[in-house]
Each structure stands twice: as C-alpha cells, then as structure tokens.
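# Topology and contacts: notes
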Amino acid sequence: FLFAVFCRELLERECEYVILEVGMGGRLDAVNVFDADCAAIVSISYDHQAILGNSLGQILSEKWAVTRTLQKLYTTLEASDLREYVERLNQQTKAQWSDLFSLNLMHHEDSYSLRNRMLALCLWHWLLHQQIPTREELMKELQELSFSQSKGRQEQMTRQGHRFIFIGAHNVDGVAKMMSELRQKGLIFDQAWFSF
C-alpha cells in the first residue's frame, strides 16, 4: 500500500529521474514492477535466507531479477565466482554489464563505503551520459565531493565522555567489513555491541 502511495506521488510530481533502492532481494520486491533503465548490484552476502535462498548463487539470482534486457547494469561483486555467475546469467538478459572490479575501478582492499561512493559516481556519470572515469579520476572526484552521512551510518554521539559510533550493517558480512574499516581508520574502541 505504501509503495502504491509512493507511485501515485511520483506521477503527480512528474519526476524526471527516480532512484530506488531494492528493499529485499529483487525478484519479489515491489520496485521490480518498474522497468529500470539502469540497475546496480552492489554486494552479495548471506541475508534474508528464508526468502532469498541458502547459497550466494541463489541470493544473486534473486537480486538479478531487477536487471532488464539490453539495459545498463553495474556490479561491484568482489568474489570472482559470483562475477562468473553474472556472466552466465547475462547470456539470457544481455544487459549492458559493467563489472567495476574487472574494469579495475575497484580493488579488493577498498572499503565497503568507498565502493558504494565509487559506484554512486559511476551511476551519476551514466545518468549524465558520460564515460565511466578512470579509477584515478573517480578518486579525485571523491576527494572534491562531500557525501552527507545518513542517520545510523557511522553516526557518532558522545555522552558522559564516551563516544559511540552507530553502524547500520545488517548482516554478519557487513558487520565484519565495517569492523575492518574502523580498524583501517585507526579507530580504537573498548566494546562492540550488536543488536539484531
């Protein structure tokens, strides 16, 4: 119902561009009613397994359903076996696929948040009908831009001399990557609390 209200609002506003995040999976998500001109698959991890499946391949297949024939697709899948699986899936869909790892735009040591920002810039360039920049150009753009921090995404709060950092990672892989990123930044913390 809320998604139907959202769609009605879109029609009334006559938006030129609509960017939607898939809530869960892809195949069964409400946003999949749209024929997207461009899709992006950021990462695959064990999440919502009761709905998406118990293997990374099954989860990728569910997410793959947001792609459309001959339309643009960007992926930032780290595992080479998942990228090979995308290649097999794409033999049927024939999306205009850009794998940002194969294009050497992303490296395995890049943090998850850096990958997300780089992907956002690639999507921005696509939207403006521009070529994908080189990694060096993307890194330079990122230094010149400031990305606002969303609530719950590394939001910091200090109370009674104690600093808290709130992280919105919602699966084990996301938590592990975020802890690694915090360590790379040199942040030292006494405790890590998890709430699921």
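Summarised in this report is the structure supplied together with it. (Residues numbered from 1 in each chain as written. Predicted model: local features only at pLDDT ≥ 70, side-chain atom pairs only at ≥ 80, totals over all residues. Heavy atoms only, no water.)

## Structural notes on the nonpolar core
Counting 14 residues, the largest nonpolar core has Ile41, Ile44, Leu60, Trp64, Leu73 and Leu77 as its most contacted members. Counting only elements with at least two residues in this core, the list comes to strand 1 (38-41), helix 3 (56-64) and helix 4 (80-93). Here isoleucine 41 is in contact with Leu60, Lys63, Trp64, Thr67, Leu73, Tyr74, Thr75, Thr76 and Leu77, once residues within four sequence places are set aside. Tyr74, Leu105, Leu114 and Leu138 belong to the second largest nonpolar core, which has 13 residues in total. (Core = buried A, V, L, I, M, F, W, Y, C linked by side-chain atoms within 4.5 Å. Buried < 20%, exposed > 50% of the residue type's maximum accessible area, 1.4 Å probe, protein only. Helix = DSSP H or I, 4+ residues; strand = E, 2+ residues; numbered from the N terminus. Contact = heavy atoms within 4.5 Å.)

## Quick word on the packing of helix 5 (residues 112-127) against helix 6 (residues 135-144)
Where helix 5 meets helix 6, the closest approach of the two axes is 10 Å, and the angle between their N-to-C directions is 100°. Relative to helix 6, the element helix 5 is oriented roughly perpendicular. Judged by residue contacts, Leu114, Arg117, Met118, Leu121, Cys122 and His125 of helix 5 engage Arg135, Leu138, Met139, Glu141 and Leu142 from helix 6. Considered class by class, the residues forming the contact of helix 5 with helix 6 number seven nonpolar, one polar and three charged. (Axes fitted to C-alpha atoms, helices over the stretch in contact; angles between N-to-C directions. Parallel < 35°, antiparallel > 145°, perpendicular 65-115°, else oblique. Nonpolar A, V, L, I, M, F, W, Y, C, P; charged D, E, K, R; others polar.)

## What about the pairing of strand 4 (residues 155-159)?
Regular strands show a simple pattern: their side chains alternate between the two faces of the sheet. Two strands pair when backbone bridges link them, and strand 4 and strand 5 (residues 162-166) are joined in this way by five bridges, in the antiparallel orientation. Counterpart to methionine 157 in the pairing with strand 5 is phenylalanine 164. (Pairing = 2+ DSSP bridges.)

## A word on unusual backbone geometry
For glutamate 14, which is not glycine, the phi torsion reads 50° and is therefore positive. Looking at where glutamate 14 falls in the secondary structure, it is placed in the loop between helix 1 (2-13) and strand 1. On the accessibility criterion, glutamate 14 (69% relative accessible area) is exposed. Of note in the backbone geometry, glutamine 160 takes a positive phi value of approximately 50° without being a glycine. Along the polypeptide, glutamine 160 turns up in the loop between strand 4 and strand 5.

## Examining the packing of helix 3 against helix 4
Taken N-terminus to C-terminus, the directions of helix 3 and helix 4 make an angle of 40°; their axes are 11 Å apart at the nearest point. Regarding the angle of helix 3 to helix 4, the classification is oblique. By crossing handedness, the relation of helix 3 to helix 4 is classed as right-handed. Of the residues in helix 4, those in contact with Leu56, Gly57, Leu60, Ser61 and Trp64 of helix 3 are Leu82, Tyr85, Val86, Leu89, Asn90 and Thr93. Looking at the contact of helix 3 with helix 4 residue by residue, the classes come out as seven nonpolar, four polar and no charged. (Left-handed = near helix turned anticlockwise from the far one by under 90°.)

## As for helix 4
Over its 14 residues, helix 4 runs 20 Å from end to end, which matches the ideal 20 Å to within 8%, given 1.5 Å per residue. The set of residues buried in helix 4 consists of Leu82, Arg83, Val86, Leu89, Asn90 and Thr93. In a view along the axis of helix 4, the buried residues occupy a sector of 115°, so they form one face of it. Along helix 4, the residues that are exposed and aim more than 90 degrees away from the buried face are Asp81, Gln91 and Gln92. Each element contacted by the buried residues of helix 4 is listed here: helix 3 and strand 3 (96-99). Lysine 94, located one to two residues past helix 4, shows a positive phi value of around 60°. (Expected span 1.5 Å × (residues − 1). Arc of directions from axis to C-beta.)

## Remarks on a nonpolar patch on the surface
A cluster of nonpolar side chains, Phe6, Val18, Leu20, Val33 and Phe34, forms an exposed patch at the surface whose accessible area comes to about 400 Å². Relative to the helices and strands, valine 18 is located in the loop between helix 1 and strand 1. The exposure class assigned to valine 18 is partly exposed, which follows from its relative accessible area of 41%. (Patch = residues over 30% accessible without salt bridge, like charges linked within 9 Å, V, L, I, M, F, W, Y side chains within 5 Å. Areas by Shrake-Rupley, 256 points an atom, 1.4 Å probe, with all protein chains shown as cover. Salt bridge = Lys/Arg side-chain N within 4 Å of Asp/Glu carboxyl O.)

## Topic: the packing of aromatic side chains
Given two aromatic rings, their pairing is described by the distance between the two centres and the angle made by the two planes. Summed over the entire model, instances satisfying the criterion amount to two aromatic pairs. Measuring from ring centre to ring centre gives 6.0 Å for phenylalanine 3 and phenylalanine 34, while their planes differ by 70°; the resulting arrangement is edge-to-face. Here phenylalanine 34 lies in the loop between helix 1 and strand 1 and phenylalanine 3 lies in helix 1, a separation of 31 residues in the sequence. One aromatic cluster is present, formed by Phe3, Phe6 and Phe34 through successive ring pairs. Positioned over the ring face of tyrosine 74 is lysine 72, at 4.9 Å from the centre of the ring. (Phe/Tyr/Trp six-rings, centres within 6.5 Å; stacked < 30°, edge-to-face > 60°. Lys NZ or Arg CZ within 6 Å of the ring centre and 35° of its normal.)

None of this, on its own, says anything about what the molecule does.
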